[in-house]
Each structure stands twice: as structure tokens, then as C-alpha cells.
Amino acid sequence: MEATATAPASSSAPATPRILEREPLVLNHRSYSWITNRICGIVENKQPGLWWALFIPSVILAGVMVFCFTYLIAAGVGVWGQKQPVAWAWDITNFVFWIGIGHAGTLISAILFLTRQKWRTSVNRAAEAMTIFAVMCAGVYPMFHVGRVWMVWFLAPIPNANAIWQNFKSPLLWDVFAVSTYFSVSVVFWYIGLVPDLATLRDRCKPGLKKLLYGMFALGWRGANRHWSHYETAYMLLAALSTPLVLSVHSVVSFDFATSVVPGWHTTIFPPYFVAGAIFGGFAMVLTLMIPCRKIYGLQDLITPKHIDNMAKIILLTGTIVGYAYCMELFMAYYSASPYEGAAFKLRTLDGPSVWYYYAMFFCNVISPQLFWFRWARHNMWTVMAVSMCVNAGMWYERYVIIVTTLEVHMTPGAWRTFHATWVDNWTFIGTFGFFMMNFLLFLRFLPVIAIGEVKGVLPESNPHHDPHGEKGVQEEDLMGYPDRHVPKAANA
Amino acid sequence: MSHHVSIKDLPEGGEKFDPAKASGVITPMLGFGLLGLFGSLYYFAAKPAEFAYSWLFAFFFCFTFVVGGCFWILLHHASNSSWNVVIRRLFEHLANMVPVIFIFSLPILLMPSVRNALYEWMVHHQAAAEHATNGDVREGLHHMSESNPHMHILWAKYGYMNKTFWYIRFILYFLVLGHIARTLRGKSLKQEQDGDIKHTIKSRFFACRWLLFFALTATFAAVDWLMGLDYTWFSTMWGVYIFAGCAWSSMALMLLLVSYLRSLGYLRKVVTEEHYHLMGKLLFAFTVFWAYIAFSQYFLIWYANITEETRFYLLRNTEGWRWVSIALVIGHFVVPFVFLLQQQLKKKPAFICFWGVWVLSMHVLDIYWNVIPERGPSLGIGVLAPGAWVGDVVALVTIFCLSGWYFLRSLNKYSLYPWRDPRLIESVNVVN
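Per chain, residues are indexed from 1 in the order of the written sequence. Ligands are numbered from 1 and chains lettered from A, in the order in which they are written. At least 70 in pLDDT is required for a residue's local features to be given in this predicted model, at least 80 for side-chain atom pairs to be given and counted, and no such filter applies to totals for whole chains, interfaces and linings, which use all residues. Side-chain metrics rest on all non-hydrogen atoms present in the structure, leaving aside hydrogens and water.

*Asks:* Lay out the environment of Thr-320 of chain A in plain terms, naming residues and giving numbers.
*Replies:* Take Thr-320 of chain A: it is sitting in helix 11 (residues 305–335). Sequence separation between Thr-320 of chain A and Ala-343 of chain A is 23 residues; the distance between their C-alpha atoms is 25 Å. The contact partners of Thr-320 of chain A, leaving out residues within four places of it in the chain, are Gln-370 of chain A together with Leu-212 of chain B. Strands are runs of DSSP state E lasting at least 2 residues, helices are runs of H or I lasting at least 4, and numbering of each runs from the N terminus. Contacts are assigned to residue pairs with any non-hydrogen atoms lying within 4.5 Å of each other.

*Asks:* Describe the side chain of Ser-354 of chain A, naming the residues involved and giving the relevant values.
*Replies:* Residue and element names in this part refer to chain A. Along the chain, Ser-354 turns up in the loop between helix 12 (339–351) and helix 13 (355–367). Each residue is placed in one exposure class: buried if its accessible area under a 1.4 Å probe, protein chains only, is under 20% of its type's maximum, exposed if it is over 50%, and partly exposed if it falls in between. A relative accessible area of 7% means that Ser-354 is categorised as buried. Polar contacts here mean pairs of N or O atoms no more than 3.5 Å apart (in protein, one a potential hydrogen donor and the other a potential acceptor; neighbouring residues in sequence count only if both atoms are side-chain atoms). Within the structure, the side chain of Ser-354 is placed 2.7 Å from the side chain of Glu-408, a separation counted as a polar contact. Setting aside residues up to four positions removed in sequence, Ser-354 forms contacts with Thr-405 and Glu-408.

*Asks:* Describe the side chain of Arg-445 of chain A, and please don't skip the residues or the numbers.
*Replies:* Residues and elements named next belong to chain A. Tracing the chain through its elements places Arg-445 in helix 16 (residues 423–446). Only four residue types enter the tally: Lys and Arg on the positive side, Asp and Glu on the negative side; His and the chain ends are excluded. Salt-bridge detection follows one rule: a side-chain nitrogen of Lys or Arg within 4 Å of a carboxyl oxygen of Asp or Glu. In this structure, Arg-445 is buried with no salt-bridge partner, the nearest side chain bearing the opposite charge being Glu-44 at 9.7 Å. Contacts of Arg-445, omitting those with residues within four sequence positions, involve Val-43, Gln-47, Trp-51 and Lys-210.

*Asks:* Mind laying out the interface of chain A and chain B, listing which residues take part and the relevant values?
*Replies:* If you look at the interface, chain A gives 49 residues, while chain B gives 57 residues. Buried surface area refers to the total accessible area, computed with a probe of radius 1.4 Å, that the two partners give up upon joining, counted for both partners together. Three residues, Arg-22, Thr-268 and Tyr-335 of chain A, lead the burial of chain A against chain B; their summed loss comes to 17% of the area buried on that side. The tally of links between chain A and chain B comes to 19 residue pairs in polar contact (both at pLDDT 80 or more). Only strand 1 (20–21), helix 7 (171–204), helix 9 (225–258), helix 10 (270–296), helix 11 and helix 18 (476–480) of chain A provide two or more residues apiece to the side of chain A that touches chain B. When residues in the side of chain A that touches chain B are grouped by element, the largest group, eight residues, is from helix 11 of chain A. In the side of chain A that touches chain B, the residues fall into 31 nonpolar, 11 polar and seven charged. Three classes are used: nonpolar for Ala, Val, Leu, Ile, Met, Phe, Trp, Tyr, Cys and Pro, charged for Asp, Glu, Lys and Arg, and polar for all others, with Gly counted as polar.

*Asks:* Give me the pattern of salt bridges: which residues, what numbers.
*Replies:* Here the structure, examined in full by the defined rule, presents 22 salt bridges over all chains. Linked by salt bridges that have partners in common, Arg-88, Arg-89, Glu-92, Glu-192 and Asp-421 of chain B make up one network.

*Asks:* For helix 5 (residues 104–114) of chain A, give the residues involved together with the corresponding values.
*Replies:* An α-helix turns once per 3.6 residues; consequently, residues spaced three or four apart project the same way. All names here are of chain A. Within helix 5, eight of the 11 residues are buried, leaving the element largely enclosed by the surrounding structure. Of all the residues in helix 5, the buried ones are Ala-104, Gly-105, Thr-106, Leu-107, Ile-108, Ser-109, Ala-110 and Leu-112. On the buried face of helix 5, the contacting elements are helix 4 (90–101), helix 6 (124–145), helix 7, helix 9 and helix 10. Of the residues one or two after helix 5, Arg-116 is the one with positive phi, at around 55 degrees.

*Asks:* Can you lay out a nonpolar patch on the surface for me, pointing to particular residues and giving the numbers?
*Replies:* Side chains of Trp-323, Ile-326, Val-329, Ile-330, Val-334, Val-338 and Phe-339 of chain B sit close together on the surface and give an oily, nonpolar patch of about 630 Å² of accessible area. In this structure Ile-330 of chain B comes out as partly exposed when scored by relative accessible area, which is 43%. Patch membership needs two things, relative accessible area over 30% and no salt bridge, and members are linked within 9 Å if like-charged or within 5 Å if nonpolar (Val, Leu, Ile, Met, Phe, Trp, Tyr). Per-residue and other accessible areas follow the Shrake-Rupley method at a 1.4 Å probe size, with only the shown protein chains counted as cover for residues.

What follows is the structure, encoded as C-alpha cells:
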């Protein structure tokens, strides 16, 4: 290997091709039992102090969210800052923001599964959980925005007392179907994936309530050949079913805007641009959560720098796609020579009241991920965290730019009005973060954060053709001479 | 795969194509191409305005394969994937057809009668130059906009839509694609000489960077050549729409090419049913992706229903073109979607080849539907100008057959697959 790394390119090289090896997805040759013990240990052992330090404020903030919504019910939607012409403000911004975050989970589970990306196994479980909690956070906003939350069931096409029929021509109604379908399928997908691991937890528990509950939800799983065979078929079908949903949800969300004739909203690239943005924001949130997680729970051998590297690359790709869409919007505003389009983008980027949001968005979403062109940036956890935070913020700015800054200066200058968020807006949003974190921390506490069965499947020894004594190829890391390459260390129990 | 293939099972030096074996296809292609060329010369002389659209349609159809070829090699390198190694050389060869396609673009670039027939804005610019006192087109457009509001559009976007910049961009598109294709094949061939793995890694770096320029090239080529046919129309999705068709059709062409080469006895040791399955899956994925993009663009324009945008679809939803639009929905999406969904069928070369032919036919229809209605609504299928379609066929036969002939004729220069690629064995033994 040494010789290969330093050998100059010459005609004396062997005529047969050399083999370039793939990086291992589990480091330090960890065994099956080590993986089970390490992941189940998170659930079985006492949580570290940091868990409580995060959990208690999260619960308090979730309570603040409940309080804010209660106050809103008591006083009316006017407690939020929106007034005409800004009828959609933080509520819809936050709705789209959370829905976007909820995209990475199903993308990782479904699309990366169908494209046989084995690295997904270390992060899919947590990302799916995150998806479900994010969609819950998203769902509450339109629910309360309708004004009378107790009437929200009118959105469902079921007979009601006033014989009100839903407006099927409205993308807002399609949203109800798209989001609820996405949520249902994501929950089922997540749960099906959990079944074998729940059985593992059940088998390790002492008799008692815990064992009973894990046993109940494990649906009598015994790890039999037939079980695995059915499980894999079901998983594949659910992945196939979820894939169009990943695209449809955010496409339908984009229709909320793009079907209108509002300059700055109506543009044909919105559906794929929203989907790319959602994947972008979702992956940033996965990294934001998983980088601390792997450190706190000692999962560095399972969520390796290779995983972080891949996710950083996806962020770079989707961030660049989003940048392409921003530039395309600007270009077409110019190319169309439409005075309305031109004015909308001029106000958004040059002389509107909220111009800085546009540049904050552009910096966070397009410029900051460009750091990921450099390997050192993808391999330095602080840089990855910093860029992920930028993207989290940037994706919120993006929705704010699209929704609020467009409506602030919509068509009639006499009616222009700058939006100011109220304390209820602020605390409701902060509260949803508390609710999200609370759920995620509970997930860490009670369920296996990594799919145990799936990670074992990507170990080299799980391959029936694996030959431990076979001729070794060249590691890319050797060729590149990276200083921080991960040399396998002696495994310690 | 019946057994694991090792390096020793494969011939050193790869496999070389012998054009003599394929003379049954190469010679007729040359024959038809030359016949078409005579026909094209006649049409250029007799009906330049009408034939300009035929030529653009045929040229753009073949151009999409080159764009698709570049995309697939860029993607394969950038994503560090291995399954594709055995077919990558063929994609490299497809992408390297850039100079040939450039030759076929020359009538559009050099013949004023063709350009003016296709791009109305150029005629207006000419009129504006004559209208202005000092020949300043921009000033002329400004004056003309007082009597014709459409001229205001041309005035407003003069910075982009002017002849000089158009010529520069025209050349630039070919230079970018040519550079991508040449560099990636160059590195691959160098590796065959020295066996150095670093070429693989360098190709990856190159591909990541150039994907960006590729995206811009594909987008603006589509804007200039097709969207520019109607200078009043615009859509931010346009570049993505055309790109989806490029990736789709070039994968179909590759399926047909691989099958043809296998029928001649080549690639049999390296291309397995797993590769067919993978290519079939990508064909399926892009069937859906195209439909998603096409639907989104149509749906948003239909729903908003504003006059600035609707002209494109009004033209294609009236007279005979309506039936072509419906045929595209069914043939470009519904039918291949249903059939390509099934895993077992995608592994059968004969089956997947049928769908390759189907996809290419639908791609012809798609490009036809994009270009030809602009020749004039009166030329819709329902009341087709007598003989107009003959010119379209002649142009298509000319460019497709002559390009195809050159492609197969020059396929013998290098091994059909990169035989010293460090991921070759991984590719040959791929299971998905």
C-alpha cells in the first residue's frame, strides 16, 4: 500500500488494473455485539447530565408554545403581527421551514435506500424521527392560522353540519392532504424499520413494564427468515411509496405560492427548487443533531467522518441547486421584461424595506455551503456545525423572503406595510423548537438512535462473498496523503 | 451474475471495436445520411424559412445526446460511483461528438436566412438598426416601442438578447461541453497507459467543478435556441425541462448501443443483467423526473393563466398540436412508467431495448412539439402545410444518420471500456 501511495505514474506500472477500495462505513472493525451493546446502551443506561440540561428547558419551551397557542385561541389571530397586506407572515414561514426540515428523514430512508446508498443506515433512524417531529411542528401553524382551531376538521372532506364543501381547486387544501399523507407514511415507515430493533431491546430487558411495551410494539418479532423476508419486502414497498411523497409534499407547498399571480411567487421553477431547498435544510438539521449526538453517546465509529462528509456534500449540492434557482429567478425577472416581476425582485434585492433578509438568505444558503468544497471543512466538526447552523437560519430567511418581503411591497404602493413580529410570534416559534427538541430527546431516551439491524448489514463480514484474506486494494486516503485519515485503532470493548 | 469475475478473466487491453463487423449498420447510415444531406441542401435553397425549423429540430434532438453524455460522465465521476465503469467509455464517446454536432449547428450560426426565420427578435433588431439614426439597435428598439409595445421587451433585455452576445454564447456552449468531454476521456485514456489511480480522483475533482458550468451551459443553450424562438415567452423551469429530456434520451440511446455491441459479441464479459437493471432504473427515474418537471411547468402556467406566459401552451393546445400534447403525456410518461416499473422486466435486454426505442421516439416527439409549432400555428398537424413534415424528416435523417455513422466509425480508436479503471472489477460484479 505504501509503495502504491508513492509510486510515480510510469510505464512500469502493472498492466492489470489496481483496485480502489471503498472507505469502511463502520470504523475500527467493530463486531455485531459491540454495535448492539453500544446502541442499546443509550436506552438502557442512565442519560448523561447534558441530556437533562437540554430536556428540561425544552419541556419549558414546549410549555411556552402551548401557552402562546392558548393565548391565541383566547385573544384571536391578531396577537400575531400579520395585518394586510402581509396576511401570511411568521406562521406560514415557520410552517414551510419545519416542513422543509421534515424532508431529510424520508429522503434518507426512501430515496437513498432505493439508490442503494449503504451509508444511510447510520443516520436514517434519527433523521426519520426528526422528520416526524418537524412535521408535527409544521402542522400546528396552519391549524391555528385558520383562526378557529376547533373548526379545523372542516378541512377534511367529510359531511358537516353546514354542508360546507372543501375548495378542491385550492392548493391550500392539497397541502392538507399532502402533509397528512406524508406524516402518516413517514410514521409507518419509521415504525416498520423499528420493529427488529424493538425486539432486540425487548430481549435485553428485565421482565416488567418496559419489556411488555417493547414486546407489544415488536409485534412478536423473532428474527426468523420469514420475518426478515416480509420485513424487507414491506420496507422496499414503503420506500417506493415514500419517494414520490418526498417530492410531492414540498411541491404542493410551493404551489401555495406559485399558482398565484403574485410577482415573486409565481414562477415555474418553484416545485423542484422547494424540494431541493427542503432536502438542503433537512440535512443541515440532521447534522446539527447528529454531530453532538455521536460525541455525547460515543457513536463515532458508527457515524463516521465519511457519513458527515457525504451529508456535507449533499448540502453543497442542494445549496448550489438552490443558488441556481435564485439566480434563475433573478435572470427571468430580467429576461421576461415584465415590469411587475422586475419591480418585485428589485424591491427584494435593492430598495425594499427588508433587503437585508435577502442577502442573509443568499449568504447562508449559497455562499456558506461553498466551504464544503474543501475536504478540511467537511472533516472539521466545528466548520460543519457552523455551516449547518447557517443553513438552518438561511432556510428560515428564504421562506421569510418569499412570503413576507413579497407581501410587504405587493402591487399597490399605498398599501405597503412593513411586517413586525410580536412577542407571540417570537415565543411561538421558539416554543416549537422546544417541542421539537423535547420529542427528539425522548426518542434518544427510549428508542435505538441507529438502526441496529441495518448497520450490521453493511459490515464487510455480512457480505456472503467477503474474503478477509483477499488481496487488499488501494485506499483513496493513502493516495491523497490526508493528514487526518482514520487509521483503524485497536478495538476496545 | 453466475460467478465472481476477477481481473484475470478480462482481456488485457480491453475490447476493441471492429467497424467491419458493424458494416450492416454503418454503411446504410452513411447512405441515408448522404441522401439526407442532398435533400437538406435542396431544402435550404428552396425553402430556407420553413426548413430552418426542421434543421433546428433535428440539430437540437442530436445535441441533447451530447448534453446527456456529458451529464452522465460528470455525474458518474462526481458521485464516485462504480457500476457505470463498464459503459462509461461509450458515454465518453457520445459526449465527444461535440465537434460533429457543432458542424451541424453551423447553418444556424452562419446563415442569416436561417437565423432570421427562427429568431424573430433578430429581424426586429435588424429593423431597429435601420430605424435608428446611427444604427444603434437599442435606440431603434426604444423608438419602435412607442408604436409596438412588444419592442419594449426587446429593448429591456437587449443586454442579454443581442446578436454579439448570442454568437459568443453559441460558441461558448460548444467549448464548455467539448472541454468537459475531452478532459474526462483524456484522463481515462491516460489511465490506460500508466495505470495511475490518481486520474480517477482528478476526474472526480474536475467533474464536481464542471457540473456547475455544465448546468449553466445546458440551461442557456435551451434558453437561446428554443425559448428564444418566441422572445416574449419565459419560464424559469425551462433549463431543467430540457435537461431532463437530455438525460432520459441519452440513457435510452446507451441501452440500445450496449445491446447492439453485445449482439456483435462485445462487452459480454463485463455488462451483465445488473447493468441493464441499473440503466433501466435510471431510465425510469428520468421518466418520472421529466413528467414532474413538465407537469409543474404546464400546471403553474395553466393555473395562473396570465397572458405573458400562456402563449406557449395555447399554441400547443390548439389545432392538431393538442393531440401531440396528449400523446406526450401518455407516451412520454404514462406508458413507460407502467412498464419500466417492473424489476424483472428491466433485466431483460430485449424488453429494455424496446423501451429504448420507445423513449427515443417520444424524445423526437418532445423536441418536435417544442420547436415546430413555432413555425406557425397554421402548420399544426390538423392543417399541416403540404410537405412541411418531409423537410423535418429529411433534416432528422441527415443529422442523426451522419452523426451515427461518424460515432460508430470512430468507435474503434479506444477500448470499449476503461480496462485499467480501479473500479472496473467492482463494476463488473455489481449487484443491486
